[in-house]
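# Examination of the molecular architecture
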Amino acid sequence: MEREIILKAQNVSKHFGGLAAVNEVSMDIFRGEILGLIGPNGAGKTTFVNVITGMLPITGGRVFFKDRDITGWPAYKIGRTGIARTFQIVKPFRGMTVRENVAVGAMFGHNGHKHSTKTALKKADEVLDFVGMGHLKERHADELTLPYLKRLELAKALAMEPELLFLDEVMAGLNPKEIESAMELVKRVNQQGITILVIEHVMKAIAGITDRVFVLNFGAELAQGTPEEVLNHPQVIKAYLGEKFVERQKRKQTMRDA
Amino acid sequence: MNYELGQGLVNVLLLTGTLTLVAVGFSIVWGILNIINIAHGAFIMVGAYVTYWLFTLWGIDPFLSIPISMVLLFIVGYIVQRYLINYVIRAPLLVTFLITFALEIVIINLATVFWKGDFRSVTTAYSGAGFSIGEIQIPYVRLAAFVIALLLTGLLHVYMTYTKQGNAIRATGMDVDAARLQGVKIAHTYALTFALGTALAGAAGSLISVSFPISPTMGGLYTLRAFVICVLGGLGSIPAVIAGSLVFAFIEVFSGVYTPGLKEAIALLVMVLVLIVRPTGIAGKAFYH
Amino acid sequence: MKILGLEKFFSGRKGWLWGLFGLFMLALAVLPLFASGFWLRTLTLIFLLAAMAEGWNYIGGYTGYAAFGNVAFFGIGAYGTALAMLRLHFSFFPALLVGVAAAMLFAIVIGLPVLRLKGHYFAIATVALATAVGEVADYWTDFTGGSAGLTLPFFDPIEYSGQFFYYISFLLVIFGLWLTYFVMKGKMGYSWVAVREDEDAAKMMGINTTWAKVSAFALSALMAGAAGAIYGYWNTFVLPEEVFKIDYTLQMILSTVLGGPGTILGPFIGAFLYYILITLLVFFFHVGAFHETILGVIIILVMVFTPQGLMDFLSGKKKLTLSSLLENIRTHKV
């Protein structure tokens, strides 16, 4: 079956001075999937998302969203066209309540033109109930703990009613139990028909929820495939976990064999 | 060579010296403490008055009063930073900006009340004297001011590069926490940095008083000039200040020739244009973040 | 609606505080029937300051851009109105619209490039522009009268002049409060606060941040421009060094900070606080000549001890204790 490509990145590059943070990366994201984006620290994952979403000017390549060329669009236009994202370092609007934070997404996002502030606040309530923060609506954003701040990021993005959602390390810094419930939530979001790209460091999370995984290393594609394929790929193990880990694994293997 | 052009170039060079001294103190305070010291120009004004009064009351030669105004302003600067700004240094920008702004208007107001608002000048026996190369005039006092300005800037460079305290200041500017771990006393180092800035402002004021008329409100313009110079040259090094001063002097002298009343407005507009077109300055680091 | 910042004043004891505020406004509305001369003049000055502060609050309080050149809008409003009255022989109200339009246009043209700057760079660029505009007004003698100034006709009938300027300034303040309420409960208000709290996140959530910032800047120019227009006509004289005085910028910022930046009533109440404070000090210490020193000392004390304004104490939200005063120092010292 021919699957619909919702986002197509063609040879996308981002240079900072002489340094190529992202180098000629091509990626297809299919409608309805959860795609994992992994790679060691400094591999260029966040930079890649920043370039796609218009937060950073692109150096080279093209980006298509639903066959429309969105290369070089300003970030707010990309947000309105149906792409939402969360930030690795949470960015709540601290002077607003949780509800107002989320309402901003509804007001200015994909269907923002259809929302008045009133309907946007109603939408915010729905989204907050969905992510399990209904009881915190009237709290100030700066009173939240990290797991809830991460969840607020997600709620703000969801309120934009996106078709494609980038999640930048929404599970980093959470404990195993919190990760569990976050994974659950991501799956539920996906079931609503939203395509998701998860940038993750937590391997377990990636393997548990993604259909496909894309590996970046030194700003370039290293591998892509199903989670099992990718996680057992020797190059990936080496890049991701370092030479020492590979040796240790080998030693363990030989010890066990003996 | 065209006379006007030749005289203009000489003026650019002489002005560069003074402007470097005006801007260098402002630049280190900004670079190390991340404070825009709006009161910088007011400290320059105080330096100018120190020289004026020492000359008028006791006949002390203006050039000899430079160390006195430097020491005096060093003490003032140290106290201001140690016992005022240090307490709010990590507050949002509006706070430190407004505080130095308030200091400026306090200093100017006090100067106006005690010393009157009118223009004064330091006129020595050698004030009008000078020599000429062809038709180009070079007053002695301005040449001397140029030499002293560059000398002091050079001394600052030596201090920052070769002394322990200078290194502590630079380390603090790069990474406060690392510097603290290395045993640098941050509160003292901040106060020292600010005091160096005001001492240099004092020296600049003394030098300005021998060539130009002075008044309590003379400072604001120098603060803006210092800022423009930092923008043009970029933050972070003494050569950058010199480069910025040279560019600024060039703009000011040559725009001044053709449109007298507007030379400040033109320089300021140039700065805004530079900020907009090239937010990294002509040389130096990015401004954002 | 936390975004309005109303709860800062009326949380908990809503009823009687609103009543008190209503009574206060009513008293202001009927005051000219009883008082005259000195009191009308003083209150007119406070109203004009409050109007400017309300305007500064849009860009500085709600949008979070430390604008230090708003006096330029005041001056342009005054000059635009004066020139329209003198050169085009407009009557005052159409002339006021010309002045306000000029100030807003300037804010948009300047704002588009300058609002791309952040932090120190934005602050000083606005100082520089205000200085430059003042210099241009001084230099462009043919058009502005230069340092000789422009002389305007007196308000006619002159015996009602005091009342006229009182009421028109009062209306401007009320208009400012309404405008704040209207904007802040709409999408534009949300976009301003979002820009203040996190510009990148705002952008990514579909907010055209350039438009948000420029609109805040232009509306703050509207308020300052209108205040300038009224001031010029009231004063019957417009002079560059008077209407472009940087002190006005400081006063509007200080008023906003005293009352609480990013709140609907903060600037209005702050203008009164500021005026009362400075009048008391001048009165008790007989220090007329040190007016600016007092302004400066107040700014320093407020910035060191209560950078979030006095309202938290006055409304009983925070207790006025030594430790609450030292809180700012504790969090922000070296």
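### Examining the interface of chain C and chain A
Between chain C and chain A, the contact holds 21 residues from the first and 24 residues from the second. Mapped onto the side of chain C that touches chain A, the elements with two or more residues apiece are helix H9 (187–197) and helix H10 (199–204) of chain C. The element best represented in the side of chain C that touches chain A is H9(C), accounting for 6 residues. Residue composition of the side of chain C that touches chain A, by class: 8 nonpolar, 5 polar and 8 charged.

### Looking at the environment of Met174(B)
Mapped onto the fold, Met174(B) is located in helix H6 (residues 164–174). Considered as a pair, Met174(B) and Ile79(B) are 95 residues apart in the sequence and their alpha carbons are 24 Å apart.

### With respect to the sheet that holds strand E4 (residues 60–65) of chain A
In sheet architecture, strand pairing relies on hydrogen bonds along the backbone and comes in two forms, parallel and antiparallel. Residues and elements named next belong to chain A. Taken in spatial order, the 4 strands make up an open sheet running E2-E1-E4-E5, and their pairing is antiparallel. Only two strands of the sheet have a single neighbouring strand rather than two, namely strand E2 (19–30) and strand E5 (68–69). Across 5 bridges, strand E1 (residues 5–16) lies against E4 in antiparallel orientation. Of the residues in E4, the one forming a bridge with Gln10 is Arg62.

### Focus: the interface of chain B and chain C
Contact with chain B, which involves 38 residues of that partner, is made by 38 residues of chain C. For the side of chain B that touches chain C, the secondary-structure elements that each account for two or more residues are helix H4 (93–115), helix H8 (186–211), helix H9 (219–233) and helix H11 (263–277) of chain B. Take the side of chain B that touches chain C: its biggest share by element is 14 residues, from H4(B). Of the residues that constitute the side of chain B that touches chain C, the class distribution is 33 nonpolar, 3 polar and 2 charged.

### Focus on unusual backbone geometry
A cis amide bond, omega 0°, links Asp156(C) with the succeeding residue Pro157(C). As for its position among the elements, Pro157(C) is in the loop between strand E1 (150–151) and helix H8 (161–184). For Asn11(A), which is not glycine, the phi torsion reads 45° and is therefore positive. As for its placement among the helices and strands, Asn11(A) is situated in strand E1.

### Describing the packing of helix H4 (residues 71–87) of chain C against helix H5 (residues 92–114) of chain C
Residue and element names in this part refer to chain C. Orientation of H4 relative to H5, taken along the N-to-C sense of each, is 140°, at an axis distance of 7 Å. By the angle between their directions, the pair H4 and H5 is classed as oblique. Here H4 and H5 pass one another in a crossing that is right-handed. Listed contacts from H5 to Phe73, Ile76, Gly77, Ala78, Gly80, Thr81, Ala84 and Met85 of H4 are Phe92, Ala95, Leu96, Val98, Gly99, Val100, Ala102, Ala103, Phe106 and Ala107. Per-class residue counts for the contact of H4 with H5 are 14 nonpolar, 4 polar and no charged.

### Comments concerning helix H13 (residues 246–259) of chain C
Residue and element names in this part refer to chain C. Taking 1.5 Å per residue, 14 residues should reach 20 Å; H13 reaches 21 Å between its end C-alpha atoms and fits that length. Within H13, 12 of the 14 residues are buried, which leaves the element mostly enclosed by the surrounding structure. Turning to H13, its buried residues number three or more, namely Tyr248, Thr249, Leu250, Gln251, Met252, Ile253, Leu254, Ser255, Thr256, Val257, Leu258 and Gly259. Directly after H13, the chain includes Gly260, whose backbone phi takes a positive value near 120°.

### Brief notes about the sheet that holds strand E9 (residues 212–217) of chain A
All names here are of chain A. The strand order across the open sheet formed by 6 strands is E6-E7-E8-E3-E9-E10, and the pairing between neighbours is mixed. Looking at the sheet topology across the chains shown, the edges are occupied by strand E6 (83–85) and strand E10 (220–225). When the angles between neighbouring strand axes are averaged without regard to direction, this sheet yields 20°. By the bridge criterion, 5 bridges tie strand E7 (residues 164–168) to strand E8 (residues 195–199) in an arrangement that is parallel. Across the sheet, Asp168 pairs through a bridge with Ile199, a residue of E8. Of the strands in this sheet, strand E3 (34–38), E7 and E8 touch helix H6 (residues 176–191), which is tilted by about 155° from E8.

### A short note on the confidence of the model for chain B
Residue and element names in this part refer to chain B. Scored by pLDDT, chain B comes out at a mean of 86, with 92% of its residues at no less than 70. When mean pLDDT is taken per element in chain B, helix H3 (residues 66–83) scores highest with 96 and H11 scores lowest with 72. Segment residues 282–289: pLDDT under 50, and 24 contacts once partners within four positions in sequence are set aside and those in other chains are kept. Predicted as a complex, the structure gets a pTM of 0.87 and an ipTM equal to 0.88.

Calculation notes
Residues numbered from 1 in each chain as written. Chains lettered and ligands numbered in written order. Predicted model: local features only at pLDDT ≥ 70, side-chain atom pairs only at ≥ 80, totals over all residues. Contact = placed C-beta atoms within 7 Å. Helix = DSSP H or I, 4+ residues; strand = E, 2+ residues; numbered from the N terminus. Nonpolar A, V, L, I, M, F, W, Y, C, P; charged D, E, K, R; others polar. Pairing = 2+ DSSP bridges. Axes fitted to C-alpha atoms, helices over the stretch in contact; angles between N-to-C directions. Parallel < 35°, antiparallel > 145°, perpendicular 65-115°, else oblique. Left-handed = near helix turned anticlockwise from the far one by under 90°. Expected span 1.5 Å × (residues − 1). Buried ≥ 20, exposed ≤ 12 C-beta atoms within 10 Å, placed from the backbone. pLDDT = per-residue confidence, 0-100.

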